[in-house]
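Below, each chain spelled out in residue letters.
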Amino acid sequence: MYTIFQRAEIAEPTLFSPSDTTQKIENFPEICVSTFSETIIQKFSSLDGVEQIAQLCSANGVLPVYKINYKNKEIAFYRSMVGAPACAACFEEIIAMGAEKFVLFGSCGVLDDDKVKDHIIIPVSAVRDEGTSYHYIAPSAEIEADTRSVQILEHVLTACGYSCVKGKTWTSDAIYRETRSAISERRAEGCIAVEMECASMLAVAKYRQIPFIQFLYGADSLSSDTWEIRDLALHGLTNAEKYMLLAFECGLALSN
């Protein structure tokens, strides 16, 4: 029996597509930004002039999609769901609504303190230790980020005065199965961070041919033999709200 992990090609067509479940919205913003923090989304959705333009519906409930005017450009934003399958499904439906460019940011576990300390992380590739990406592109150990997107992100961060580090991230499906042996292996392979969505989001973006940027900031640390909860105690929110503006800037840069 062959599973999706052994198949050399991605079969087509699908039985149904996002456009069968999600209505295209007239004048939906070209740029869409998302993060995982409900607090950040609540703060920005409460700003003057922000309006709800759509919603993502599932058995978990409703996720509002908002529109903000940033530097005379309309940008959509919403809260992504944690974990590759749910995050990717929302991404698919946002594309079906009309988004053409996408920026995602969130916290991650740090695997290399020396490299990551006080830097924003630019993922240049992701280890595919999850399942969702294999339904979009053929099996491989890693998936690379788009070179142009990496360059744009690096330029925006530098222009805005933020230090950054480029490196490989490890996308895992099981937060409570990040074993000591797996952490050691991934660190030896050059991974500087661990998260749960990047590989799958890169795969969806590649499959749908959507310009995509993702950046990460460190929360907890898995860089030593002892787990350090750090910023995770505050749900990764320390100074994180300013990253929303960085994401808006990335969206504008994607459009240039």
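A brief report on the enclosed structure follows. (Residues numbered from 1 in each chain as written. Predicted model: local features only at pLDDT ≥ 70, side-chain atom pairs only at ≥ 80, totals over all residues. Heavy atoms only, no water.)

The subject of this paragraph is the overall build of the protein. On a plain count of helices and strands, the protein comes out with eight helices and ten strands. The C-alpha radius of gyration computed for the protein amounts to 18 Å, which stays within 12% of the reference 18 Å derived for 256 residues, consistent with globular compactness. Principal-axis analysis of the C-alpha atoms places the extent of the protein at approximately 50 × 50 × 35 Å. Going through the 256 residues of the protein one by one, you find that 51% of them count as buried. Carbon together with sulfur atoms contributes 50% to the accessible area of the protein, which is approximately 12,800 Å² in total. (Helix = DSSP H or I, 4+ residues; strand = E, 2+ residues; numbered from the N terminus. Rg over C-alpha atoms; globule rule 2.2 N^0.38 Å. Buried < 20%, exposed > 50% of the residue type's maximum accessible area, 1.4 Å probe, protein only. Areas by Shrake-Rupley, 256 points an atom, 1.4 Å probe, with all protein chains shown as cover.)

The next subject is helix H7 (residues 198-208). A large share of H7 lies buried, amounting to eight of its eleven residues. Along H7, the residues that are buried comprise Cys-198, Ala-199, Ser-200, Met-201, Leu-202, Ala-203, Val-204 and Ala-205. Just downstream of H7, Gln-209 is the residue with a positive phi angle, here 55°.

Attention now goes to the packing of helix H2 (residues 38-45) against helix H8 (residues 241-255). At a minimum axis distance of 10 Å, the contact between H2 and H8 shows a crossing angle of 70°. Regarding the angle of H2 to H8, the classification is roughly perpendicular. Like other packed secondary-structure pairs, H2 and H8 cross with a definite hand, here right-handed. Together, Thr-39, Ile-40, Ile-41, Lys-43 and Phe-44 of H2 and Glu-241, Met-244, Leu-245 and Phe-248 of H8 make up the contact between the two elements. Residues belonging to the contact of H2 with H8 are distributed by class as follows: six nonpolar, one polar and two charged. (Axes fitted to C-alpha atoms, helices over the stretch in contact; angles between N-to-C directions. Parallel < 35°, antiparallel > 145°, perpendicular 65-115°, else oblique. Left-handed = near helix turned anticlockwise from the far one by under 90°. Contact = heavy atoms within 4.5 Å. Nonpolar A, V, L, I, M, F, W, Y, C, P; charged D, E, K, R; others polar.)

Take the pattern of salt bridges next. Overall, the coordinates contain twelve salt bridges when judged by the stated rule. Where Lys-67 meets Glu-51, a salt bridge forms, and the shortest distance between an N and an O atom there is 3.7 Å. One end of the pair, Lys-67, is in strand E3 (residues 61-70); the other, Glu-51, is in strand E2 (residues 51-58), and 16 residues separate them in sequence. Residue classification places Lys-67 among the buried positions, given a relative accessible area of 15%. (Salt bridge = Lys/Arg side-chain N within 4 Å of Asp/Glu carboxyl O.)

In terms of residue burial, strand E9 (residues 191-195) counts as a mostly covered element, since five of its five residues are buried. Of the strand pairs in this sheet, strand E5 (residues 101-110) and E9 are connected by two bridges, and their pairing is antiparallel. Bridged to Gly-109 within E9 is Val-194. Across four bridges, the pairing between strand E8 (residues 164-172) and E9 is parallel. Each bridged residue has a counterpart across the sheet, and for Trp-170 the counterpart in E9 is Val-194. Crossover E8 to E9 through helix H6 (residues 180-188) is right-handed. (Pairing = 2+ DSSP bridges. Right-handed = clockwise from strand over helix to strand, strands pointing away.)

Read these as geometric descriptors, not functional statements.
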